[in-house]
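# Tertiary structure, described
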Amino acid sequence: QVQLVESGGGLVQAGGSLRLSCAASGSIFSINAMGWYRQAPGKERELVATMPTGGSTNYADSVKGRFTISRDNAKNTVYLQMNSLKPEDTAVYYCNADLLRAGSINTENYWGQGTQVTVSS
């Protein structure tokens, strides 16, 4: 099976920074894309940033210029550097991966368990 394990969430003051990490493990043949989504209380889950393998990154307008997504393909890990954090960035952040398992012919989509990010004003 495949697991996505996130780390790096926490409590930070407005204007501060946090770095999230997400490592994918298991019988992975290849990863098409990895990304981050978030869900605030009472709201739907929304895209934060995605990074296809060999493709262009994509950011939500609300985080452009403040957040940076990056990947370490050798470690099957995706990062989210979050700077100039605002209270409205408070949410549970979820890692997502679109990948092909070893021995499979179809790509599958996986989610991490989520990590809480709280930005105080």
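Right, let's walk through the structure included here. Computed from a predicted structure; not experimentally measured. (Residues numbered from 1 in each chain as written. Predicted model: local features only at pLDDT ≥ 70, side-chain atom pairs only at ≥ 80, totals over all residues. Heavy atoms only, no water.)

## Notes on the overall build of the protein chain
Within the protein chain, the regular secondary structure consists of 0 helices and 11 strands. The globule rule puts the C-alpha radius of gyration for 121 residues at 14 Å, and the 14 Å found for the protein chain is close to it. Considering only C-alpha atoms, the protein chain reaches an extent of 50 × 25 × 25 Å along its principal axes. Intrachain contacts of the protein chain at a sequence separation of at least 6 include 56% that bridge at least 24 residues. For the protein chain, the accessible area works out to roughly 6300 Å², and carbon and sulfur atoms hold 47% of it. Separation of charge centres in the protein chain, based on 10 positive and 9 negative side chains, amounts to 4 Å. (Helix = DSSP H or I, 4+ residues; strand = E, 2+ residues; numbered from the N terminus. Rg over C-alpha atoms; globule rule 2.2 N^0.38 Å. Contact = heavy atoms within 4.5 Å. Areas by Shrake-Rupley, 256 points an atom, 1.4 Å probe, with all protein chains shown as cover. Lys, Arg positive; Asp, Glu negative; His and termini not counted. Charge placed at Lys NZ, Arg CZ, Asp CG, Glu CD.)

## Topic: the sheet that holds strand β8 (residues 77-82)
Pairing between sheet strands relies on hydrogen bonds along the backbone, with the strands arranged either parallel or antiparallel. If you walk across this open sheet you meet the 4 strands as β1-β3-β8-β7, and the pairing is antiparallel. Each edge of the sheet is formed by a strand with only one pairing partner; in this case those strands are β1 (2-7) and β7 (67-72). Strand-to-strand twist across the sheet, computed as the mean angle between neighbouring axes with direction ignored, equals 15 degrees. Across 6 bridges, the pairing between β7 and β8 is antiparallel. For Thr68, the partnering residue across the bridge sits in β8 and is Gln81. (Pairing = 2+ DSSP bridges. Axes fitted to C-alpha atoms, helices over the stretch in contact; angles between N-to-C directions.)

## Digging into the nonpolar core
Residues Met34, Trp36, Val48, Phe67, Leu80, Met82 and Tyr93 are the most contacted members of the largest nonpolar core, which totals 31 residues. Among the elements of the structure, β1, β3 (18-26), β4 (28-39), β5 (46-52), β7, β8, β9 (91-101) and β11 (115-120) are those that each provide at least two residues to this core. It is β9 that provides the largest number of residues to this core, a total of 5 residues. (Core = buried A, V, L, I, M, F, W, Y, C linked by side-chain atoms within 4.5 Å. Buried < 20%, exposed > 50% of the residue type's maximum accessible area, 1.4 Å probe, protein only.)

## Some details on the side chain of Arg66
By the secondary structure assignment, Arg66 is in the loop between β6 (58-59) and β7. Overall, the relative accessible area of 11% leaves Arg66 in the buried class. Of note is the side chain of Arg66, whose polar atom sits 2.9 Å from the backbone oxygen of Ser84. Contact partners of Arg66, with chain neighbours within four places excluded, come to Gln81, Met82, Asn83, Ser84, Leu85, Lys86 and Asp89. (Polar contact = N/O pair within 3.5 Å; in protein donor to acceptor, adjacent residues only side chain to side chain.)

## Quick notes on the packing of aromatic side chains
Applying the stated criterion across every chain yields a total of 2 aromatic pairs. A centroid spacing of 5.0 Å and a plane angle of 70 degrees characterise the contact between Tyr37 and Trp111, whose relative ring orientation is edge-to-face. Placement of Tyr37 in strand β4 and of Trp111 in strand β10 (residues 107-111) is noted, with a sequence separation of 74 residues between them. With centroids separated by 6.5 Å and ring planes inclined at 85 degrees, the aromatic side chains of Tyr94 and Trp111 adopt a geometry described as edge-to-face. With a gap of 17 residues between them, Tyr94 in strand β9 and Trp111 in strand β10 connect regions that are remote in the sequence. Under the relative-accessibility criterion, Tyr94 is labelled buried at 14%. Trp111 sits in the partly exposed class, given a relative accessible area of 37%. (Phe/Tyr/Trp six-rings, centres within 6.5 Å; stacked < 30°, edge-to-face > 60°.)

Worth remembering: the numbers are spatial, not functional.
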